[in-house]
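Fold and contact review
One letter stands for each residue in the lines below.
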Amino acid sequence: MGFLQPHYVFELDFGKHVDSFRPRLRCGIIPPGSNRPEWYNLPPRSGESLSTYFSRLLILIIALTVHEFAHAWSADQLGDPTPRWQGRLTLNPLSHLDPVGSLVFLLVGFGWAKPVQVDFARLQYRSPAAPMLVAAAGPLSNLGLALIGSVAYQFGLAGVGTQLGLLSWLGSFLTDFILLNLVLFFFNLIPVAPLDGE
């Protein structure tokens, strides 16, 4: 059994006319069981909706899988068969997603995948710039995904969702898709050891 708690409210009143601009702070207690005034708004809930988690799950599967596949594909094209031997030259998300990084991505909106292992000696034998090209492939794939998402948003794919009744979800999905891919792009360019910018 819960008890009714009084709500403490504050209002900053700026007056009705510009000439009589004298801000006044009104404070009061709303007794339990009484109606709140129309100017009283409850603070937003801190929980996130199920559609937010579903959007993050789709973005996780697409963005991190394509990112790691881009590393594997570019290393294979530049003469290092290590990703192919390890089964990383695939778009299967199970080959790329890390369980802990995926969980953090779902909860926070940012995470990581299993890094693609490459043989730098084979890459440098092919070209001194090959390791840099393999490292740049992942962030560039995220930039490409963000551009694809922005083109879809610009040409009204969110408007197609209106006819299907999915406008609010599709629009927020595309916005989150673009934003999180850009975050992954810029974050991976930081020149710190585990990131691609090293």
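Everything that follows concerns the structure shown earlier in this document.
Bear in mind that the values here come from a model prediction, so they are computed numbers and not experimental data. (Residues numbered from 1 in each chain as written. Predicted model: local features only at pLDDT ≥ 70, side-chain atom pairs only at ≥ 80, totals over all residues. Heavy atoms only, no water.)

1. What to know about the packing of aromatic side chains
Enumeration over the complete set of coordinates arrives at two aromatic pairs. For the ring pair Phe185 and Phe186, a centre distance of 4.9 Å and an interplane angle of 65° mean the geometry is edge-to-face. On the accessibility criterion, Phe186 (53% relative accessible area) is exposed. (Phe/Tyr/Trp six-rings, centres within 6.5 Å; stacked < 30°, edge-to-face > 60°. Buried < 20%, exposed > 50% of the residue type's maximum accessible area, 1.4 Å probe, protein only.)

2. Things to note about the nonpolar core
The tendency in soluble globular proteins is for nonpolar side chains to be buried as a group. Formed by 13 residues in total, the largest nonpolar core has its most connected members in Ile59, Leu60, Leu64, Phe105, Phe173 and Phe177. Mapped onto this core, the elements with two or more residues apiece are helix H1 (50-77) and helix H8 (167-188). Among the elements that line this core, the one with the most residues is H8, at five residues. When sequence neighbours within four positions are dropped, the list of residues in contact with Phe177 reads Ile59, Ile62, Leu145 and Gly149. Ala75, Leu78, Leu123 and Val134 belong to the second largest nonpolar core, which has five residues in total. (Core = buried A, V, L, I, M, F, W, Y, C linked by side-chain atoms within 4.5 Å. Helix = DSSP H or I, 4+ residues; strand = E, 2+ residues; numbered from the N terminus. Contact = heavy atoms within 4.5 Å.)

3. Structural notes on the side chain of His67
With respect to the element layout, His67 can be found in helix H1. Ignoring sequence-local partners within four residues, the contact set of His67 consists of Gly138, Pro139, Ser141, Asn142, Asn188 and Asp196.

4. Some points on the pattern of salt bridges
A side chain with one charge can pair with a side chain of the opposite charge if their charged atoms come near. Applying the stated criterion to the full structure yields two salt bridges. With a shortest N-O distance of 2.6 Å, Arg84 and Asp76 are connected by a salt bridge. Take Arg84: its relative accessible area is 48%, and that puts it in the partly exposed class. Residue Asp76 is classed as buried on the basis of its relative accessible area of 15%. (Salt bridge = Lys/Arg side-chain N within 4 Å of Asp/Glu carboxyl O.)

5. Section: the packing of H1 against helix H4 (residues 99-108)
At their nearest, the axes of H1 and H4 sit 9 Å apart, and the two run at 135° to each other. Relative to H4, the element H1 lies oblique. Note on packing geometry: the crossing formed by H1 with H4 is right-handed. Two secondary-structure elements touch here, H1 through Tyr53, Arg56, Leu57, Ile59, Leu60 and Leu64 and H4 through Ser102, Phe105, Leu106, Leu107 and Val108. (Axes fitted to C-alpha atoms, helices over the stretch in contact; angles between N-to-C directions. Parallel < 35°, antiparallel > 145°, perpendicular 65-115°, else oblique. Left-handed = near helix turned anticlockwise from the far one by under 90°.)

6. Quick word on the packing of H1 against helix H6 (residues 130-154)
Two measures define how a pair of helices packs: the angle their axes make with one another and the distance between the axes. As a packed pair, H1 and H6 sit with axes 8 Å apart at the nearest point and diverge in direction by 145°. Once H1 is placed against H6, the crossing between them reads as right-handed. Of the residues in H6, those in contact with Ile62, Ala63, Val66, His67, Ala70, His71, Ser74 and Ala75 of H1 are Leu133, Val134, Ala135, Ala137, Gly138, Pro139, Ser141, Asn142 and Leu145. When its residues are assigned to classes, the contact of H1 with H6 shows eleven nonpolar, six polar and no charged. (Nonpolar A, V, L, I, M, F, W, Y, C, P; charged D, E, K, R; others polar.)

In short, geometric facts, not functional conclusions.
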